[in-house]
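Architecture at a glance
Each chain, written out:
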Amino acid sequence: MERITLALSKGRIFTETLPLLAAAGIVPQDDPETSRRLILETNRPEVRLLIVRATDVPTYVQYGAADLGIAGRDVLLEHGGQGLYQPLDLRIARCRLCVAVPEGFDYAAAVRLGSRIRVATKYLKTAKAHFAAKGVHVDLIKLYGSMELAPLVGLADAIVDLVSSGNTLRANRLVEVEEIMPISSRLIVNQAALKLKHALVQPVIDTFAETLHDQPDA
């Protein structure tokens, strides 16, 4: 039996994808928050879900281990998007990619004076392109988590990270000084699967698109 595989990550993306899956008649048989299984069967035998790290979703789809996936714009920019068809902005898991600094740090003055700024981030490609476009001299420091800690202990002058409510920044006495771009999650499709499994893949794309069309763009 021919089947399709959809890759996505646990947490907010999975939760906010559930209504879209339901609209396509797809219901997971397990909850990834409570199950240790990384391959989840659904009520439709021809559809299964892969639970992977958010940063790995594009790789699974690119190399055909998954036919479709759901990944944030931030992840796709770092990945590069090679071999991926991106038909839909799903308008879920919304946030923004921002520059933040400690309270009292004069970011505008540092930029204006041409100072070299140390920036901690896991979004090296995006941060490099952003600061290069502005002509700002930066030393980028790769971190994988707890980004807010870097300025507090003198590792960096600023951070580039995702911001949703801003509560974590405020709790660590950091302030947002620049928005780089809005972020939301996209549906991505393996280009070969779109051709070879068109009868299974295209209806999922169409149903997601119809569901989004019926929703207000908040």
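Residues numbered from 1 in each chain as written. Predicted model: local features only at pLDDT ≥ 70, side-chain atom pairs only at ≥ 80, totals over all residues. Heavy atoms only, no water.

Along the backbone of the protein there are nine helices and eleven strands. In terms of overall dimensions, the protein has C-alpha extents of about 65 × 35 × 35 Å along its principal axes. Per-residue burial for the protein yields a buried fraction of 46% across its 218 residues. Within the protein, counting contacts between residues at least 6 apart in sequence, those at least 24 apart form 68% of the total. (Helix = DSSP H or I, 4+ residues; strand = E, 2+ residues; numbered from the N terminus. Buried < 20%, exposed > 50% of the residue type's maximum accessible area, 1.4 Å probe, protein only. Contact = heavy atoms within 4.5 Å.)

Bringing the confidence of the model for the protein into the picture now. The pLDDT averaged across the protein works out to 94; a share of 99% of its residues lies at or above 70. When pLDDT is averaged over each helix and strand of the protein, the minimum, 91, is found for helix H4 (residues 107–112) and the maximum, 98, for strand E4 (residues 68–72). (pLDDT = per-residue confidence, 0-100.)

Read across the sheet, five strands follow the order E8-E7-E9-E6-E10 without closing on themselves; strand pairing throughout is mixed. Whereas interior strands pair on both sides, the edge strands pair on one side only; in this sheet they are strand E8 (138–142) and strand E10 (174–183). Direction aside, neighbouring strands of the sheet carry axes that sit 30 degrees apart on average. Bridge count between strand E6 (residues 95–102) and E10: eight bridges; the pairing is antiparallel. When the bridges of E10 are listed, Pro102 appears paired with Leu174. (Pairing = 2+ DSSP bridges. Axes fitted to C-alpha atoms, helices over the stretch in contact; angles between N-to-C directions.)

Let us look at the pairing of E6. Remember that side chains alternate between the two faces of the sheet whenever the strand is regular. With six of eight residues buried, E6 is to be regarded as a mostly interior element. Where E6 meets strand E9 (residues 158–163), five bridges bridge the pair, whose relative direction is antiparallel. Note on E9: the bridge partner recorded for Val99 is Val160.

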